[in-house]
Amino acid sequence: YTEMYGSKESDGSRVKLAAMCPATDVWQDKVREIVLRLMNECGVKGVYIDPVAAAQPRLCFDASHGHPLGGGHWWTEAYWQMLQRINREIPADCMLTTECNAEPYTHRFDGYLTWHWQYDGQVPAFPAVYGGAIQMFGRAYRGGPTKDLALRMKAGQQLTFGEQIGWISPGVVKEKENAEFLRAVVRLRHHFRRYFHAGEMARPPKLVGEIPKVTADWQWSGEWPVTTDAVMTGAWVLPDEKRLALFFVNVSDEAVSAQLDFEAARYGLEAEKLRVGKRTAEGDEEPFSVPSQFVRELEFPPRTAWAWELRE
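Residues numbered from 1 in each chain as written. Predicted model: local features only at pLDDT ≥ 70, side-chain atom pairs only at ≥ 80, totals over all residues. Heavy atoms only, no water.

**Student:** Can you explain the pattern of salt bridges? Please cite residues and give values.
**Tutor:** With the rule as written, the count across this model stands at 20 salt bridges. Two residues, Glu89 and Arg32, come together in a salt bridge whose shortest N-O distance is 2.8 Å. One end of the pair, Glu89, is in helix α2 (residues 74-89); the other, Arg32, is in helix α1 (residues 25-40), and 57 residues separate them in sequence. By relative accessible area, which is 23% here, Arg32 ends up partly exposed. The closest approach of N and O atoms between Lys213 and Asp229, which form a salt bridge, is 2.6 Å. (Salt bridge = Lys/Arg side-chain N within 4 Å of Asp/Glu carboxyl O. Helix = DSSP H or I, 4+ residues; strand = E, 2+ residues; numbered from the N terminus. Buried < 20%, exposed > 50% of the residue type's maximum accessible area, 1.4 Å probe, protein only.)

Structure below.
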C-alpha cells in the first residue's frame, strides 16, 4: 500500500510513500529511535508523528507480523504499544503530537492537530469530552477574497473551542488588522491557558437578541462557504477552584448588542454573589460583582475578543 503527496523525486516524478504496518518490530523500533534521537540529541521538545490519528487502518495479510490477518483492533493496539513504550522513555518535559483527532489515540498523545475542523455548522463536541485531557492546536488558514473574515472566524472558534491558535503564515504580521485581531485572541488564550489544560469545557454562555450571521469562504477544498454567528461564545471552568472563564469574540465588521442570560448554578458556582474580572488583549479592567443569576446588556465592538473570569 502506497500514498503520494506533493513531494517530487529528482526526475520530477511524485515520491511514493509506503505506509508501514504498526505491529512490526522494525517499524516500532525505528519510530522510537527517531523520536528519542530528536529529543535527546537534538534537544527538541515535541515530535509530530504523522498521520496516526488521521489515517484509517489498512488491511495487512503478512502472517510474520504476529497479528490476525486482514483488519481488526490489532492496528490501534499496535500503535498504543509503540507509543506507550516511547512515552516511558522520553524526557518528562517533552510531548508527542499527531495529525487530526481520531478518538482511539487520545490516551497516548499529548496533542492533536485539528487543522481539518473546517465545516459549516460544526460544534465543539470533541473538546467538550476531551478538553483538558489532550491539547488541540491548529487550523488551516487560507486565502481568497474573504480570507480576512475567514481568519477571524477560525481564530474565534479556536479560542472558544479551546485550541491553540494558529498554523498560519508568519506573513500575517504584515497585515495590520488581521495581526491586531490575531494578537488579541492569542493574548487572551495565553492568559487563560490553565483553563485549557487543567479545566473542562462548559456550555457556552447564552446570548439573547438578534445575533447576525457571517459567511466566508474557508477554502478547505475548493470553494468552501462556512456560516457562523457574528459573536462567538465559549466557557471553560476550573471546577475545583470554583472559577469560570466566559469568552466573547465579535468576528464581524459591525458592533453587536445582546443580552447575556447567566445562571451560575449551571457551572457549579454556588455563591449568591460572584466577583467578575474583565480581560482584554490590553489587560485587566476594574473588577465588579454580579448576582448568581442575571440578565445583562452587553456590547461587542467589531473585531474584538474579550473574556470574563468569574469567581466565588
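Having seen the model, we can carry on.
**Student:** So what's going on with the environment of Ala18? Which residues, and what values?
**Tutor:** Along the polypeptide, Ala18 turns up in strand β2 (residues 14-18). Residue Ala18 is classed as partly exposed on the basis of its relative accessible area, which comes to 41%. Aside from chain neighbours lying at most four places away, what touches Ala18 is Tyr1 and Thr2. (Contact = heavy atoms within 4.5 Å.)

**Student:** How would you sum up the sheet that holds strand β8 (residues 206-208)? Please name residues and give values.
**Tutor:** Ordered by their spatial adjacency, 3 strands build an open sheet running β8-β13-β17, and the pairing between neighbours is antiparallel. Because the sheet does not close on itself, it has two edges, and the strands there are β8 and β17 (293-300). Geometrically, the sheet is characterised by an average inter-axis angle of 35 degrees between neighbouring strands, direction not taken into account. In the sheet, strand β13 (residues 256-263) pairs with β17 via 8 bridges, with the strands oriented antiparallel. Bridged to Leu260 within β17 is Arg296. (Pairing = 2+ DSSP bridges. Axes fitted to C-alpha atoms, helices over the stretch in contact; angles between N-to-C directions.)

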